[in-house]
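Chain by chain, the residues run as shown.
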2 protein chains.
Amino acid sequence: MTEPLRLGIAGLGTVGVGVVRIIRRQAELLEARTGRPVVITAVSARDATKDRGVSLSSYAWETDPVALAKRDDIDVFVELMGGHEGAAKEATEAALAAGKDVVTANKALLAIHGQALAEQAEAAGRVIRFEAAVAGGIPVIKSLTEGLAGNEITRVMGVMNGTCNYILTRMEHSGLPYETVFKEADDLGYLEADPTLDVGGIDAGHKLALLAAIAFGTKPAFDDVQLEGIQRIAIEDIRHAADMGFRIKLLGVAQTSARGLEQRMAPCLVPANSPLGQLEGGTNMVVIEGDAVDQIVLRGPGAGEGPTASAVLGDICDIARGLRIATFGQPAATLQEAPSAMSGLPAPYYLRMALQDKPGALAKVAAALGDAGVSIDRMRQYGHSETIAPVLIVTHKCTSAMLDDALAGLAATGVVDGAPVALRIEEL
Amino acid sequence: MTEPLRLGIAGLGTVGVGVVRIIRRQAELLEARTGRPVVITAVSARDATKDRGVSLSSYAWETDPVALAKRDDIDVFVELMGGHEGAAKEATEAALAAGKDVVTANKALLAIHGQALAEQAEAAGRVIRFEAAVAGGIPVIKSLTEGLAGNEITRVMGVMNGTCNYILTRMEHSGLPYETVFKEADDLGYLEADPTLDVGGIDAGHKLALLAAIAFGTKPAFDDVQLEGIQRIAIEDIRHAADMGFRIKLLGVAQTSARGLEQRMAPCLVPANSPLGQLEGGTNMVVIEGDAVDQIVLRGPGAGEGPTASAVLGDICDIARGLRIATFGQPAATLQEAPSAMSGLPAPYYLRMALQDKPGALAKVAAALGDAGVSIDRMRQYGHSETIAPVLIVTHKCTSAMLDDALAGLAATGVVDGAPVALRIEEL
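Since the structure is predicted, the reported quantities are computational estimates derived from the model, not experimental observations.

Draft legend 1. Main features of the domain arrangement of chain A. All names here are of chain A. Looking at chain A, the domain boundaries give domain 1 (5–133), domain 2 (140–301) and domain 3 (349–425). The straight-line distance from the C-alpha centre of domain 2 to that of domain 3 is 26 Å. Listed by partner, the interface residues are 15 residues for domain 2 and 14 residues for domain 3. When domain 2 packs against domain 3, the two sides together hide about 1,300 Å² of surface, and 56% of this comes from carbon and sulfur. Broken down residue by residue, the surface that domain 2 buries against domain 3 is led by Arg 232, His 240 and Leu 269, which jointly contribute 40%. At the surface where domain 2 touches domain 3, the tally comes to two salt bridges. Between Arg 352 and Asp 237 there is a salt bridge; the shortest N-O distance is 2.5 Å. Where domain 2 packs against domain 3, one counts six residue pairs in polar contact (both at pLDDT 80 or more). When contributions to the side of domain 2 that touches domain 3 are tallied by element, the ones reaching two or more residues are helix H11 (235–243), strand E9 (246–257) and strand E10 (260–271). Grouping the amino acids of the side of domain 2 that touches domain 3 by side-chain chemistry returns eight nonpolar, one polar and six charged.

Following this line, the structure appears as structure tokens:
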């Protein structure tokens, strides 16, 4: 197989330019490894005149990514535009319809439309590869789909949004409040155009939905991910967690039980000395647990030009080498529809609430928890000069259903201002 | 492709039995993922009567692994016997000659005969897969060969012998001397029949040679690995390292420079708060650095029935799925012969020596180091009641050539008993 593999690249932002750079710089290495030249035939982006710091003059230019996707002179459509509707979806479908393989970094597209796209790809005898969609440069899709294929996967966990981890670790080290660090991150260009994608946990939730589909042989079901962002994490939460030997991470957890598939992406307390607890800044980490392998931990850069382009190239090299596999590791038609389940495993919870400074208020809180069967491990009330007292509580282990009862009970006391912050403590 | 994939398994020790168990327990899962049944046709081991805790009665039994390798009713020869000569080598060659694919956990065989076997496999149109040979359950071969194929690899490092890491961390936590902990490990069955394979760094050196071949496109060259074991590490080395914020790990490092390929497997000091420094017990860790991805860290169990069988099954599933790749990631004929190079990068070194308690002895040591251009960062002489004083020195950065000069100079002083312990300090 010495015919060149011809790429059409749609989207010339950071990642697209990174892919072009690697293909130009490492042409010889890529050919040595894959046994054939890997070449770019055509590219597509909105603005053809913009200087992107890399020469594009030898590639055909398409303004319309759909036109690029259909070109006769490409074998692989590399979709690096992003977005789960519009041009990215249309062009991906057009590429598959035209008999092209697809390599994409688009987590939203696959988390939402993955099942339909996988079915279309398989009907057309084409592959969709998406290593770059999850945890940047970490080869986690490949490790899970192929390397650990002999395992019944029992749990997948991960810190997969570098921006959130940057904000949380920066808050901890600087002592600055969320709003200030959020603004810093925005000024540094770390946030998506719609920052809710990051800090609301949506981006990480997309990634978790993709990992869960592969891990458990289920249809990707982003709508079933229980999502919670980091927007309500206050500096006192981080300090209190640290006092107890924990750190707060936006952690995704996917696991199955008799009741169904549990997928949650929410800030949690994790032991500070665990691999997940030690994670700093924009680094990502994925933990995979299987019946045979026990536990594998994968760590690496979750974003950025080089790491994301590395993942895109991994997929391109696989296609060049003739390594072809079903989108989610097994035929799309065999993926199961799993009912969405809440976690049945009891865990301790961390609660922070704003208590009105009235006689008997704390007794009402304690009673509300007790009525829900939730017992208190530790409680701390901070000094205050206002009429509202911040109260921190760590519960003994309880189920999420018991916790929901307790939260409803707290709301009914009339002495708690707003909804408490409630974070699960993952003992890992 | 719905024909079953038929396996012949040679070697029914811990790993072999683990593979049989998974194939029996997860038959349905493996078929769902690979699209075809994965079945065992025949097995081979020395003693057919031994109770291995798993039913083998439905498989044909071959006393001779070569006969197993040649059977018409197997597609894949699974070699789990070990040893780089004799039956394992003969049977692997016979399997390839008979047109079988090979899956093996045999690091010694491939580190020493990998080039010839890869050439034989490619001539026969067959594959040799060996995920289980390196770092147990961690899918590091796959990550490096496929996932990171778009990278020019700049460095590969790893703690890849769980027994050595167990001994070193156990010494640290218990305060017990090497000899005592070595005996404990032996009593627990952690050591190879020839313990030098573990504590002499040979087993880990085999693994490093395999990673280096893939990373740098070179012929596997175990003979060029600079090997040093952990046998001379004393409890005071561990304590002194800890005082300075380091831990001692048997660390493999492979990197290339203009002068050639550097492969060293030796005890080193690494920062206690680095991922490598935090590794406890039998866990393995591999760090891969590439021009695009920056740094990926992979961590997991380095041995044991489940994890090693998981890796074997990963390879088997790849073959069942039709994912076929050259042994070391590119055609064997294109692998380069790289000259062996010593590290040219300066590093600080830790030295421990037994100094004769004579007037002017320490001055002679200092002069010997100074003459070699090696300057002293810190020195500590322990209290002693004998005529020999233990002296610990940390040097400023120097090259390994300068260190060798210094060691020769120390030997010539006539005041140092025996050869000093000299450990590189890796700042990572």
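Draft legend 2. Here's a closer look at the UniProt feature "binding site: L-homoserine" (unreviewed entry) in chain A. All names here are of chain A. UniProt tags Glu 192 as "binding site: L-homoserine" (unreviewed entry). Mapped onto the elements, Glu 192 comes out in the loop between helix H8 (178–187) and helix H9 (196–199). If near-sequence neighbours (up to four positions away) are discounted, Glu 192 is found in contact with Leu 197, Asp 198 and Asp 203.

Draft legend 3. Inspection of the pattern of salt bridges at higher detail. Summed over the entire model, instances satisfying the criterion amount to 56 salt bridges over all chains. A salt bridge links B:Lys89 to B:Glu93, with the shortest nitrogen-to-oxygen separation between them at 3.3 Å. On the criterion of helical spacing, the pair formed by B:Lys89 and B:Glu93 is a turn pair, its members being four residues apart in helix H4 (residues 87–97). Between B:Asp377 and B:Arg378 there is a salt bridge whose closest N-O contact spans 3.8 Å. Residue class for B:Asp377 comes out partly exposed when judged on its relative accessible area of 38%. Residues joined in a network through salt bridges with shared partners are A:Arg129, A:Lys142, A:Glu146, A:Asp315, A:Asp318, B:Arg129, B:Lys142, B:Glu146, B:Asp315 and B:Asp318.

Draft legend 4. Layout of the pairing of strand E1 (residues 5–10) of chain B. Residues and elements named next belong to chain B. For E1, the buried fraction is high: five of the six residues fall into the buried class. When E1 meets strand E2 (residues 38–44), the two strands line up parallel, connected through six bridges. Within E2, the position partnered with Arg 6 by the bridge is Val 39. Relative to strand E4 (residues 76–79), E1 is paired through four bridges, and the arrangement is parallel.

Draft legend 5. Structural view of unusual backbone geometry. All names here are of chain A. Positive phi is not limited to glycine here, since Ala 135 has a value of about 60°. Phi is positive for Asp 294, close to 70°, though the residue is something other than glycine. Of note, Asp 294 is situated in strand E12 (residues 294–301).

Draft legend 6. Region of interest: the nonpolar core. If you look at the biggest cluster of nonpolar residues, it comprises 161 residues, and the most contacted ones within it are A:Val140, A:Ile167 and B:Val140. Sequence-distant contacts of A:Ile167, that is, excluding residues within four places in its chain, are made with A:Tyr178, A:Val181, A:Phe182, A:Ala185, A:Val199 and A:Ile230.

Draft legend 7. Up close: the environment of B:Thr163. Residue and element names in this part refer to chain B. Relative to the helices and strands, Thr 163 resides in helix H7 (residues 162–174). Residue classification places Thr 163 among the buried residues on the basis of a relative accessible area of 11%. Spatially, the C-alpha atoms of Thr 163 and Ala 303 are 9.2 Å apart, while their sequence positions differ by 140 residues. Excluding its chain neighbours within four sequence positions, the residues that come into contact with Thr 163 are Tyr 190, Leu 191 and Asp 198.

Draft legend 8. Expanded view of the relation of the copies chain B and chain A. Structural alignment of chain B on chain A gives an RMSD of 0.0 Å, achieved by rotating through 180° and translating 0.0 Å along the axis. This pairing of chains is accounted for by a two-fold axis. Both copies contact each other with a shared surface, as 100% of the interface residues of chain B are interface residues in chain A too.

Draft legend 9. Focus on the interface of chain B and chain A. Listed as interface residues are 49 residues of chain B and, on the opposing side, 49 residues of chain A. With both sides pooled, the region where chain B packs onto chain A buries about 3,800 Å², and carbon together with sulfur makes up 52% of that total. Considering only the surface of chain B that becomes buried against chain A, B:Arg33, B:Arg299 and B:Arg321 emerge as the three largest contributors, covering 15% of it. Residue A:Glu146 pairs with B:Lys142 through a salt bridge whose shortest N-O separation is 2.5 Å. On inspection of chain B and its partner chain A, the count reaches 22 residue pairs in polar contact (both at pLDDT 80 or more). Taken together, the elements giving at least two residues each to the side of chain B that touches chain A come down to helix H1 (14–25), helix H2 (27–34), helix H6 (140–147), strand E12 (294–301) and helix H12 (305–320) of chain B. Class assignment for the residues of the side of chain B that touches chain A results in 23 nonpolar, 15 polar and eleven charged. With three bridges joining them, E12(A) and E12(B) adopt antiparallel strand pairing.

Thresholds, definitions, all that
- Residues numbered from 1 in each chain as written.
- Chains lettered and ligands numbered in written order.
- Predicted model: local features only at pLDDT ≥ 70, side-chain atom pairs only at ≥ 80, totals over all residues.
- Heavy atoms only, no water.
- Domains from an automatic or database assignment.
- Contact = heavy atoms within 4.5 Å.
- Buried area = accessible area lost by both parts, 1.4 Å probe.
- Salt bridge = Lys/Arg side-chain N within 4 Å of Asp/Glu carboxyl O.
- Polar contact = N/O pair within 3.5 Å; in protein donor to acceptor, adjacent residues only side chain to side chain.
- Helix = DSSP H or I, 4+ residues; strand = E, 2+ residues; numbered from the N terminus.
- Nonpolar A, V, L, I, M, F, W, Y, C, P; charged D, E, K, R; others polar.
- UniProt positions renumbered as here; feature names shortened; annotations may be inferred.
- Buried < 20%, exposed > 50% of the residue type's maximum accessible area, 1.4 Å probe, protein only.
- Pairing = 2+ DSSP bridges.
- Core = buried A, V, L, I, M, F, W, Y, C linked by side-chain atoms within 4.5 Å.
- Least-squares fit on C-alpha atoms with pLDDT ≥ 70 in both.

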